[in-house]
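# Structural overview for review
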Amino acid sequence: TVTKFKRLFIPGPVDVAKDVLEKMATPMISHRGKDATALQQGIGEKLKQVFHTQHTILLSTTSGTGLMEAAIRSCTAKKAVVFSIGAFGDRWAELGTCNNVPTDKVRVDDGEPTLPDTVEKALATGQYDLVTVTHNETSSGVMNHLEELAPVIRKYPEVVWCVDAVSSMAGAKIEVDRLGIDVCITSTQKCLALPPGMSICSVSAKAVERAKTVKHRGYYLDLLQLYQYVTEKEHQYPSTPSLSHMFALDYQLDKILQEGLENRYARHREMAQFVRGWGKEHFALLARPGYESDTLTVIKNTRGINVGDLNKKLGERGFQIANGYGKLKEKAFRIAHMGEVSVADLKVLLGHIDEILKGR
Ligand SMILES: *Cc1c(COP(=O)(O)O)cnc(C)c1O
């Protein structure tokens, strides 16, 4: 049992609005009935707006990692190249290797972005038919410039481009079709502000055609089978999806579209600027200038504070931030500003951190 619920400023799961949470308690329906079809179709249409795409939208009852695994396994015929800028890029390379997909990893230091020249150099070798890019690396707080990478990747028509937008979709603008992204992946518990348990992706015709040439795509995470069910079999799923998430997602998407996507992006940017300002004044940022994330800020622990202790004291006041991820534990800390939070909420949070650090 949870002894005390805190306001979450961790990069997922994020706080879910009460009315959205309540939609998870909607009574069950058959996942093979007309209502299930209508639910799936409605969600798909709304998500197309969020993804800025005409591509088919697929849901998977897995967290984001599920569709990352599905994408690299289902859509690599020759060899994949993973451009990793941190722990979540590393994960994608591991997913490839674990699935017996020939995978190379190009890794830069934490805080650095993926640069067009790096991508060009790798693709020019002609070895690869799938690339993965992390849009927003949640371990380092770096947001890659997809618009600079797109023209390079576009030069290689055999390449299927997969993007991990798990911690940025619906918090930052990602124009899937304009950029030419083939598989763009997110999950529910980050900027979409829903409970964890579902992942979402868009799939291009190119990605679908590629999957048809790949023999062993697994079963539960077979992107082609998912696609065929959603497009051909009454817009349903091969196995029973989390209908509870779908009810909440459908409702939350209405709220997101009501806020307005541009307003939502602007709110995230404004929150980011505010937290960055604080971070630079009191510490330093991990991300290279110009590549700071709009959905979370990773602050270098330049003052050698005890991050665990800070978080414990924040917890007593009803707030929670995140320590550095993996090897960055205690070397950095992370403040998420994604989902339904506001600048006013962050002012309160940073006010508490200021007080704690001053020993008050
Ligand atoms: C959270 C996160 C993941 C993993 O998603 P899950 O939903 O936890 O499986 C992958 N990539 C990034 C960038 C993330 O922030």
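Scroll up to find the structure.
Quick notes on the rules
Residue positions within a chain follow its written sequence, with the count starting from 1. For this predicted model, a pLDDT threshold of at least 70 governs which residues receive local features, and a threshold of 80 or more governs which side-chain atom pairs are given and counted, while totals over whole chains, interfaces and linings are taken from all residues. Computation of side-chain values covers all heavy atoms of the structure but excludes hydrogens and water. Elements are defined by DSSP. Helices are runs of H or I of four residues or more, strands are runs of E of two residues or more, and each kind is numbered from the N terminus. In this setup the radius of gyration rests on C-alpha atoms only. A globule is expected at 2.2 Å times the number of residues raised to 0.38. Areas reported here follow the Shrake-Rupley algorithm with a probe of radius 1.4 Å; residue values treat only the protein chains shown as occluding. Think of it this way: Lys and Arg go in the positive column, Asp and Glu in the negative one, and His and the chain ends go nowhere. A charged residue contributes its charge at one atom only: NZ of Lys, CZ of Arg, CG of Asp or CD of Glu. Throughout this document, a residue counts as near a molecule or strand when at least one of its heavy atoms sits within 4 Å of that molecule or strand. N or O atoms within 3.5 Å of each other form a polar contact, as long as, within protein, one can give a hydrogen and the other can take it, and as long as residues adjacent in sequence are counted only when both atoms are side-chain atoms. Throughout, the ten residues Ala, Val, Leu, Ile, Met, Phe, Trp, Tyr, Cys and Pro are labelled nonpolar, Asp, Glu, Lys and Arg are labelled charged, and all others, Gly among them, are labelled polar. Two strands are said to pair when DSSP picks up at least two bridges between them. Orientation is described by lines fitted to C-alpha atoms, with helices fitted over the stretch in contact, and by angles between N-to-C directions that extend from 0 to 180 degrees. Only heavy atoms enter the contact rule, under which two residues are in contact if any of them lie within 4.5 Å. Geometric relationships in this document are graded by angle, where less than 35 degrees denotes roughly parallel, more than 145 denotes roughly antiparallel, 65 to 115 denotes roughly perpendicular, and other angles denote oblique. Within this document, salt bridges are pairs made up of a side-chain nitrogen of Lys or Arg and a carboxyl oxygen of Asp or Glu, the two lying within 4 Å of each other. Remark: exposure states derive from per-residue accessible area (1.4 Å probe, protein chains only) relative to the maximum for the residue type, with buried under 20%, exposed over 50%, and partly exposed in between. Here the expected length of a helix is defined as 1.5 Å per residue gap, with one fewer gap than residues. Note that the arc is defined by the directions from the helix axis to the C-beta atoms.

Counting its secondary structure elements, the chain contains 13 helices and 15 strands. Taking 360 residues into account, the globule formula puts the C-alpha radius of gyration at 21 Å, and the chain, at 20 Å, falls close to it. Projected onto the principal axes, the alpha-carbon positions of the chain cover approximately 60 × 55 × 35 Å. With an accessible surface of roughly 14,900 Å², the chain has 51% of that area assigned to carbon and sulfur atoms. Mean positive and mean negative side-chain charge positions of the chain (46 and 42 charges, respectively) differ by 3 Å.

A separate point is the site of the ligand. Residues in contact with the ligand amount to 14 residues; listed here are only the nearest, Ser63, Thr65, Thr138, Asp164 and Lys190. Within the side chain of Thr138, one N or O atom sits 2.4 Å away from an oxygen atom of the ligand. Measuring from an oxygen atom of the ligand, one finds a side-chain N or O atom of Gln189 at 2.9 Å. Relative to its unbound accessible area of 380 Å², the ligand is 91% covered by the protein chains. Sorting the residues of the shell around the ligand by element identifies helix H3 (64-75) and helix H4 (87-98) as the ones contributing at least two each. Counting residues per element, the shell around the ligand draws most heavily on H3, at three residues. Here the shell around the ligand is built from residues that sort into three nonpolar, eight polar and three charged.

Spatially, S2-S10-S9-S8-S5-S3-S4 is the arrangement adopted by the seven strands of the open sheet, whose pairing is mixed. Both edges of this open sheet fall to strand S2 (56-60) and strand S4 (103-107), since each of them pairs with a single strand only. The mean inter-strand angle of the sheet, taken between neighbouring strand axes irrespective of direction, is 20°. Examined bridge by bridge, strand S3 (residues 80-84) and S4 share five bridges and lie parallel to one another. Across the sheet, the residue bridging to Val82 is Lys105, located in S4. Those strands touched by helix H5 (residues 116-123) are S3, S4 and strand S5 (130-134), and its axis lies near 160° from that of S3.

The interhelical angle for the contact between helix H10 (residues 243-259) and helix H11 (residues 261-282), taken along N-to-C directions, is 80°, at an axis separation of 5 Å. Judged on the interaxial angle alone, H11 and H10 are roughly perpendicular. From H10, Gln252, Ile256, Leu257 and Glu259 reach across to H11, where they touch Leu261, Asn263, Arg264 and Arg267. Partitioned by chemical class, the residues of the contact of H10 with H11 number three nonpolar, two polar and three charged.

Moving on to the pattern of salt bridges. Throughout the structure, instances matching the rule amount to 27 salt bridges. Close ionic contact of Asp254 with Lys46 constitutes a salt bridge, the shortest N to O distance being 3.0 Å. Of this pair, Asp254 sits in helix H10 while Lys46 sits in helix H2 (residues 34-51), placing them 208 residues apart in sequence. Asp254 sits in the partly exposed class, given a relative accessible area of 37%. Asp222 is paired through a salt bridge with Arg217; the nearest N and O atoms lie 2.8 Å apart. Residue Asp222 shares its accessibility class with Arg217, and that shared class is buried.

The terminal C-alpha atoms of H11 lie 32 Å apart, and with 22 residues this matches the ideal 32 Å at 1.5 Å per residue to within 8%. Among all positions of H11, only Leu261, Arg264, Tyr265, Arg267, His268, Met271, Ala272, Val275, Arg276, Trp278 and Gly279 are buried. What you see down the axis of H11 is that its buried residues fit within an arc of 165°, all on one side. Of the residues in H11, the exposed ones pointing more than 90 degrees away from the buried face are Lys280 and Glu281. Buried residues along H11 sit against H2, H10, strand S11 (284-285), strand S12 (296-300), strand S15 (332-336) and helix H13 (343-357).

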